[in-house]
Amino acid sequence: MNAVLQLPDDIDLTPSDLALTLAARLYEQGRLSAGQAAQLAGLSKRGFVELLGSQQVALFNYPAEDLARDIERA
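Please read all numbers here as calculations on a predicted model, not as lab measurements.

Caption draft 1: Structural detail: the overall build of the chain. Helix and strand content of the chain: four helices and zero strands. For the chain, the N- to C-terminal ordering of α and β elements is α-α-α-α. In terms of C-alpha radius of gyration, the chain reaches 16 Å, well past the compact-globule figure of 11 Å for 74 residues. C-alpha atoms of the chain, sized along the principal axes, occupy 55 × 25 × 25 Å. The buried share of the chain, taken over its 74 residues, is 20%. When contacts within the chain are restricted to residue pairs at least 6 apart in sequence, long-range pairs at least 24 apart make up 36% of them. Of the accessible surface of the chain, which amounts to about 6000 Å², a share of 53% is contributed by carbon and sulfur atoms. Across the chain, the mean location of the 6 positive side-chain charges is 11 Å away from that of the 10 negative side-chain charges.

Here you go:
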């Protein structure tokens, strides 16, 4: 699938920057797996995991409530 997105000229984003940001956010939302997001970003899985830190996205998205519930049941 191809998409065309027109940005204002004063926004300083390269297509690569946009792909990296989109991949990180879609991964964060649970809409892409790490492998899919890495592919979208044009990176290896390892490279994508490293990118997540720079984008302030957690590698593991496990809600605190779920963790507390799991601990209670253990």
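From this point, the narrative continues.
Caption draft 2: Fine view of the packing of aromatic side chains. Tallied over the entire structure, the rule returns one aromatic pair. Consider the rings of Tyr27 and Phe48, whose centres lie 5.6 Å apart with planes at 85°: the pair is edge-to-face. Linking Tyr27 in helix H1 (residues 15-28) with Phe48 in helix H3 (residues 45-54), this pair joins segments that are 21 residues apart in sequence. Each member of the pair, Tyr27 together with Phe48, is buried.

Caption draft 3: Region of interest: H1. With 14 residues, H1 should cover 20 Å at 1.5 Å per step; its first-to-last C-alpha distance of 20 Å lies within 8% of that length. Ala19, Leu20, Ala23, Ala24, Leu26 and Tyr27 are the residues of H1 that are buried. Looking at the residues trailing H1, positive phi occurs at Gly30, about 80°.

What counts, and at which threshold
Residues numbered from 1 in each chain as written. Predicted model: local features only at pLDDT ≥ 70, side-chain atom pairs only at ≥ 80, totals over all residues. Heavy atoms only, no water. Helix = DSSP H or I, 4+ residues; strand = E, 2+ residues; numbered from the N terminus. Rg over C-alpha atoms; globule rule 2.2 N^0.38 Å. Buried < 20%, exposed > 50% of the residue type's maximum accessible area, 1.4 Å probe, protein only. Contact = heavy atoms within 4.5 Å. Areas by Shrake-Rupley, 256 points an atom, 1.4 Å probe, with all protein chains shown as cover. Lys, Arg positive; Asp, Glu negative; His and termini not counted. Charge placed at Lys NZ, Arg CZ, Asp CG, Glu CD. Phe/Tyr/Trp six-rings, centres within 6.5 Å; stacked < 30°, edge-to-face > 60°. Expected span 1.5 Å × (residues − 1).

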